Amino acid sequence: MIEVRNVYKSFGSLSVLEDVSLTVQDEETLAIIGKSGSGKSVLMKHLMGLIKPDKGEVIVDGTDINAVSYQELRDLRQRFGMLFQGGALFDSMNVFDNVAFPLRTFSPLPEDEVRARVRENLAEVQLEGVEDKAPSELSGGMKKRVALARAVALKPQYIIYDEPTSGLDPETSNTINELIRSLSEQSNITSIVVTHDMHSVLSIADRAAFIHDQRIRWLGTIDELHTAEDPVLNGFVRASEYQIGKPAAATNK
Amino acid sequence: MKYSDELKVGLALVVAALVFVLGLRYFQDLPLFETTDSYYSLVENAAGITSGSPVRVNGVSVGAVRRVGYDADERQVRVDFYVEQRIRITEGSSASITGFSAIGDVKLDLSLGPADNERIPRGGLVPSHEEDFFGDIADRAPALVNRADSLMIGMTSTMSSVSRLLEEPDSDFRKTLQSVERTSDQVNRVLREEQQRLAATLDSVAHLTGSLNRIAEGSEDEIEATLQDVQHLIKRLDSNLDSVERSTDRLDNILEQIESGEGTLGLLVNDPQLYHRMDSTVVRLHELIDDFQQNPRRYLKELKLIDIF
Amino acid sequence: MLERHILGPIEALGQYVLLLSKAFRSLGEFGIYQKNLFQQMVRIGIDSIPIVALAGLFSGAVLTVQTAYQLESPFIPQSIIGSIVVPSMVLELGAVVTGFILAGRVGARIAAELGTMRVTEQIDALEAMGLNSIGYLIVPRVMAGILMFPVLYITATGVGIGGGVGVAHYGGFLSAGEFVAGARQFFSPFDPIFGLIKSFVFGFIITSVACYKGYYTGGGAEGVGRSTTEAAVLSCVYILFANLALAVLIL
Ligand SMILES: Nc1ncnc2c1ncn2[C@@H]1O[C@H](COP(=O)(O)OP(=O)(O)OP(=O)(O)O)[C@@H](O)[C@H]1O
Ligand SMILES: [Mg+2]
């Protein structure tokens, strides 16, 4: 269980998060939605201690991750897998080594099993025959899928997906959504998905949180999303539904 | 590309270490692959020897000085050096610093002990042999000249007092003075001899100084030979002056004894009463002899009297 | 004003020292970084051998020719050229030429690499996996610098002396034998040790400054460019200072 309690964060004079509180229940899939630049990626980095809040706490399984030693924080982070918005593939390694990296570093698997697992992971994101390519030789969508394969390689307890389907064609998007859903249905996996894609939200999420004006403006189940009476949220959802697969445009001033 | 990173790195490190060690030995003039033994020696004066200076046996480089430092306990300069292992440094070996620091040519020369003596253990002390060391001519020469000068002055004053004594008019001293005369003769002879030898020595020094002036053009071996000659000469000059000094010392001794009233001459010189008594005795003796010559009968009468007895 | 010109540098120094102390506190996890260490030793060390050897060769050759030119006098034995060239290479040029070349080659490269990793969130990705990014990225690079710079110093110095002997011999200045005899006459075994110490220090300075600049890069491609330039320039400046400091402290 991850609890975010009254988190404030600003970069210089730019306030990004103000009094954000949020609880992610075990084994649920939570979607985070909101306009571009509303602080979704910043909030995700708070969950793993990659960014420290100016005020407030982030508690993972009962531990305040900003109050523990670096060593303990690192142990906690091993429960997480994160797909970064930009992929963050290691460009000093080829595709295969990128996906194999967490396996080789943190699992006791022998090399041939690592090979088998990497192939399997890449097949799941519909990538075959690119093992020896450098990340710079891949398209944006391919990078995202390699990054996804790497994030889930160790089947961690918490998986954070930062816009897993942005930049993908609708068909591949559906495959990725399928993959995320099948992973999240396995026992003991909690997923947090940042997305603009209302299809994703509707098909994989149990609950959704809407960030607006530096705060969590709305939090509820998917069913409640359809009946919500928040004009800002409704505007956002409706705009998304008409522009499937594209980043949400600003719909509300 | 087919070599692993580890192999490349390991190879580079090994080759570099090898180049470093061999280069170090090469420029220290050490055998590249032979092992060496280290020893040390204690000397009074480092005399320009530094780490890296060659260590030689019979003029052949067999090692190098590793470190030169002042040993505060021994109050001497400690010279650590190493030599090829095949060189047997036996008991009775000695080390000396040779060469002329002004032209950067200082070495540690080893003279090996008898071959069947026991070997000095590794890291042990090889005694130094300081007498051989006259490398720094520039320092030594003025001191020697000063010494010769002061000796001459001493001798002059001694001689003048001797001649003063000899000028004392009374012939009756001669017997006693004979020893003085003998001594002074000896001194004169010694001085004459030594003067010649000194002159010869100083001539050679002058000659060698001339050679030294030509050093810039000379080959290293020539310089070496010259320096050795100079060392030799200075040693000789030193021993000559020693013998002059010894003679003068003897003379001084005698004069001192005379002055302090020891011996016949001393008593005579130092006791005017005795002198006068003797003087008057001699005068009376003269009168007696004169009287005898003039009036032999008076004395013959006496003789007759004796005859009567 | 005060903040910009006084507190700023002091803060940077503190940040630098903290970064290094964090890096060396993670030495215990060396097992994980070992693969990286060898990779970096090849990139920083082995791959730099050709350029360093080239620079050493020309330094030694030029030094010999210029010394011969300056000492053209009948009163000075030609072997003095060897006595000047070898200690100069061993004490000063071998280490400093290597340092300057590698400040550009290695320093800039490390800063660009780490800077790019920072702005493309690769460093965050390492951290997110539970790795110690400082240990993982910085320790192997700094250690590779410290370990491989002496190798490069020996390369530069060795090739430089070789170049000097070659030019002296075939350029008709003095024979190789005279050169070596001159070199031996004033050779002190401490000189190469001092050169080695210098190369250790330079290796540390270049790699650690570059890691610091790269690790704390901000602001996209432009930021990477800035870090890269600063890493190369600052390494050179610090090498000059360290060179003086070592000479004053040790000699
Ligand atoms: N390291 C940083 N330094 C300064 N400002 C930052 C930093 N990271 C994020 N910001 C700012 O914080 C705000 C939120 O950024 P964030 O990346 O969280 O947006 P987002 O919600 O993920 O948007 P998107 O949907 O486009 O990814 C932005 O205005 C951004 O400029
Ligand atoms: Mg984002």
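Residues numbered from 1 in each chain as written. Chains lettered and ligands numbered in written order. Predicted model: local features only at pLDDT ≥ 70, side-chain atom pairs only at ≥ 80, totals over all residues. Heavy atoms only, no water.

## A few points about the overall build of chain A
- Along the backbone of chain A there are 9 helices and 10 strands.
- Counting the 253 residues in chain A, one finds 52% classified as buried.
- With an accessible surface of roughly 11,000 Å², chain A has 46% of that area assigned to carbon and sulfur atoms. (Helix = DSSP H or I, 4+ residues; strand = E, 2+ residues; numbered from the N terminus. Buried < 20%, exposed > 50% of the residue type's maximum accessible area, 1.4 Å probe, protein only. Areas by Shrake-Rupley, 256 points an atom, 1.4 Å probe, with all protein chains shown as cover.)

## Here we look at the pairing of strand 1 (residues 2-11) of chain A
Residues and elements named next belong to chain A.
- Direction of pairing for strand 1 relative to strand 4 (residues 55-60): antiparallel, over a ladder of 5 bridges. Looking at strand 4, one finds that Arg5 is bridged to Glu57.
- With 7 bridges joining them, strand 1 and strand 2 (residues 14-24) adopt antiparallel strand pairing. In the strand pairing of strand 2, Phe11 is matched with Leu14.
- If you look at the hairpin formed by strand 1 and strand 2, you'll find 2 residues sitting between the two strands, and Gly12 has a positive phi there, around 60°. (Pairing = 2+ DSSP bridges.)

## Some thoughts on the coordination of the magnesium ion (ligand 2)
Residue and element names in this part refer to chain A.
- The coordination sphere of the magnesium ion (ligand 2), as far as protein atoms go, consists of Ser41 (OG) and Gln85 (OE1), spread over 1.9 to 2.1 Å. Residue Ser41 is found in helix 1 (residues 40-47), and its partner Gln85 is found in the loop between strand 6 (80-83) and helix 3 (95-106); the two are separated by 44 residues along the sequence.
- Judged by its relative accessible area of 22%, Ser41 is partly exposed. (Donors = N, O, S within 2.8 Å, 3.2 Å for Na, K, Ca; no water.)

## Quick word on the pattern of salt bridges
- As enumerated under the stated definition, the model contains 27 salt bridges over all chains in all.
- A salt bridge links Lys198 of chain C to Glu92 of chain C; the shortest N-O distance between them is 2.7 Å. Here Lys198 of chain C is found in helix 8 (residues 190-215), whereas its partner Glu92 of chain C is found in helix 4 (residues 80-119), with 106 residues between them in sequence.
- Lys198 of chain C sits in the buried class, given a relative accessible area of 2%.
- Judged by its relative accessible area of 34%, Glu92 of chain C is partly exposed.
- The structure contains a network of salt bridges with shared partners spanning Asp97, Arg104, Glu111 and Arg115 of chain A. (Salt bridge = Lys/Arg side-chain N within 4 Å of Asp/Glu carboxyl O.)

## What about the interface of chain B and chain C?
- Counting residues at the interface gives 18 residues for chain B and 22 residues for chain C.
- Buried area between chain B and chain C, both sides added, is near 2,000 Å², and the carbon and sulfur share of it is 74%.
- For the chain B face of the interface with chain C, the top three residues by lost area are Val9, Phe20 and Phe27 of chain B, together amounting to 32%.
- The tally of links between chain B and chain C comes to 0 salt bridges.
- Applying the counting criterion to the chain B and chain C interface returns 1 residue pair in polar contact (both at pLDDT 80 or more).
- A class-by-class count of the residues in the side of chain B that touches chain C yields 10 nonpolar, 4 polar and 4 charged. (Contact = heavy atoms within 4.5 Å. Buried area = accessible area lost by both parts, 1.4 Å probe. Polar contact = N/O pair within 3.5 Å; in protein donor to acceptor, adjacent residues only side chain to side chain. Nonpolar A, V, L, I, M, F, W, Y, C, P; charged D, E, K, R; others polar.)

## Examining the sheet that holds strand 5 (residues 94-98) of chain B
All names here are of chain B.
- The strand order across the open sheet built from 6 strands is 1-4-3-2-6-5, with neighbouring strands paired in mixed fashion. Either end of the sheet is taken by a strand with one partner, and the two such strands are strand 1 (36-43) and strand 5. For this sheet, the mean inter-axis angle between neighbouring strands, taken without regard to orientation, is 30°.
- One ladder, built from 3 bridges, connects strand 2 (residues 54-57) with strand 6 (residues 107-111); its direction is parallel. For Val55, the partnering residue across the bridge sits in strand 6 and is Leu108. (Axes fitted to C-alpha atoms, helices over the stretch in contact; angles between N-to-C directions.)

## A few points about the site of ligand 1
All names here are of chain A.
- Close contacts around ligand 1 come from 14 residues, with Ser36, Gly37, Lys40, Ser41 and Gln85 the closest.
- At a separation of 2.8 Å, an oxygen atom of ligand 1 approaches a polar backbone atom of Lys40.
- Between an oxygen atom of ligand 1 and a side-chain N or O atom of His196, the distance comes to 3.2 Å.
- Taken by itself ligand 1 offers 630 Å² of open surface, and the protein chains cover 61% of this.
- When residues of the shell around ligand 1 are traced back to their parent elements, those giving at least two are strand 2 and helix 1. (Near = heavy atom within 4 Å.)

## Quick word on the nonpolar core
- Among the nonpolar cores identified, the biggest contains 110 residues, and Ile2, Ile32 and Met44 of chain A together with Ile138 and Phe179 of chain C are the most heavily contacted of them.
- Counting the residues that make up this core, at least three belong to each of domain 1 (1-79 + 158-220) and domain 2 (90-155) of chain A.
- Residues within four places of Ile138 of chain C in sequence aside, it is in contact with Leu19, Ala23, Leu114, Ser133, Cys211 and Tyr215 of chain C. (Core = buried A, V, L, I, M, F, W, Y, C linked by side-chain atoms within 4.5 Å. Domains from an automatic or database assignment.)

## Some points on the interface of chain C and chain A
- On the side of chain A, 21 residues touch chain C, which itself brings 18 residues to the contact.
- In total, about 1,700 Å² of surface goes out of reach between chain C and chain A, with carbon and sulfur atoms giving 56% of it.
- Counting across the interface, chain C meets chain A through 3 salt bridges.
- A salt bridge links Arg77 of chain A to Glu127 of chain C; the nearest nitrogen and oxygen atoms lie 2.4 Å apart.
- Summed over the shared surface of chain C and chain A, the result is 7 residue pairs in polar contact (both at pLDDT 80 or more).
- Contributing elements (two or more residues each) for the side of chain C that touches chain A: helix 4, helix 5 (122-128) and helix 6 (133-170) of chain C.
- Its residues assigned to classes, the side of chain C that touches chain A comprises 8 nonpolar, 6 polar and 4 charged.

## Things to note about the sheet that holds strand 9 (residues 207-212) of chain A
Residues and elements named next belong to chain A.
- Spatial ordering of the open sheet is given by 6-7-8-3-9-10, a layout of 6 strands whose pairing is mixed. Since the sheet does not close on itself, it has two edges, and those belong to strand 6 and strand 10 (215-221), each with one partner. When strand polarity is set aside, the average angle formed by the axes of neighbouring strands in this sheet is 15°.
- Two elements, strand 9 and strand 10, share 6 bridges in a ladder whose sense is antiparallel. Residue pairing for strand 10: Arg207 is matched across the bridge by Thr221.

## Re helix 2 (residues 70-77) of chain A
- Residues of helix 2 of chain A that are buried include every one of Leu73, Arg74, Leu76 and Arg77 of chain A, and no others. Along the long axis of helix 2 of chain A, the arc covered by the buried residues comes to 160°, so they all point the same way.
- Contacts from the buried residues of helix 2 of chain A go to strand 4, strand 5 (63-64) and strand 6 of chain A together with helix 5 of chain C. (Arc of directions from axis to C-beta.)

## As for the side chain of Ser41 of chain B
Residues and elements named next belong to chain B.
- The topology assignment puts Ser41 in strand 1.
- Within polar-contact distance, the side chain of Ser41 engages the backbone oxygen of Val126 at 2.7 Å.
- Apart from residues no more than four positions distant in its own chain, Ser41 is found in contact with Val77, Arg78, Val79, Phe81, Ala95, Leu125, Val126, Pro127 and Ser128.

## A word on the packing of aromatic side chains
- One pass over the full model with this rule turns up 11 aromatic pairs over all chains.
- Ring plane angle 65° and centroid distance 5.2 Å describe the contact between Phe90 of chain A and Phe101 of chain A, whose orientation is recorded as edge-to-face. Residue Phe90 of chain A is located in the loop between strand 6 and helix 3, and its partner Phe101 of chain A is located in helix 3; the two are separated by 11 residues in the primary sequence. Comparing Phe90 of chain A with Phe101 of chain A, the two get one shared label, buried.
- Ring geometry for Phe101 of chain A versus Tyr136 of chain C: centroids 5.6 Å apart, planes at 80°, classification edge-to-face. You can see Phe101 of chain A sitting in helix 3 and its partner Tyr136 of chain C sitting in helix 6, one on each of two chains.
- Looking at Phe101 of chain A, the relative accessible area reads 7%, which means it is buried. (Phe/Tyr/Trp six-rings, centres within 6.5 Å; stacked < 30°, edge-to-face > 60°.)

## Digging into the side chain of Glu84 of chain B
Residue and element names in this part refer to chain B.
- Take Glu84: it is sitting in strand 4 (residues 76-84).
- Residue Glu84 is classed as buried on the basis of its relative accessible area, which comes to 6%.
- Among the polar contacts listed, one links the side chain of Glu84 to the side chain of Arg86, at a separation of 2.5 Å.

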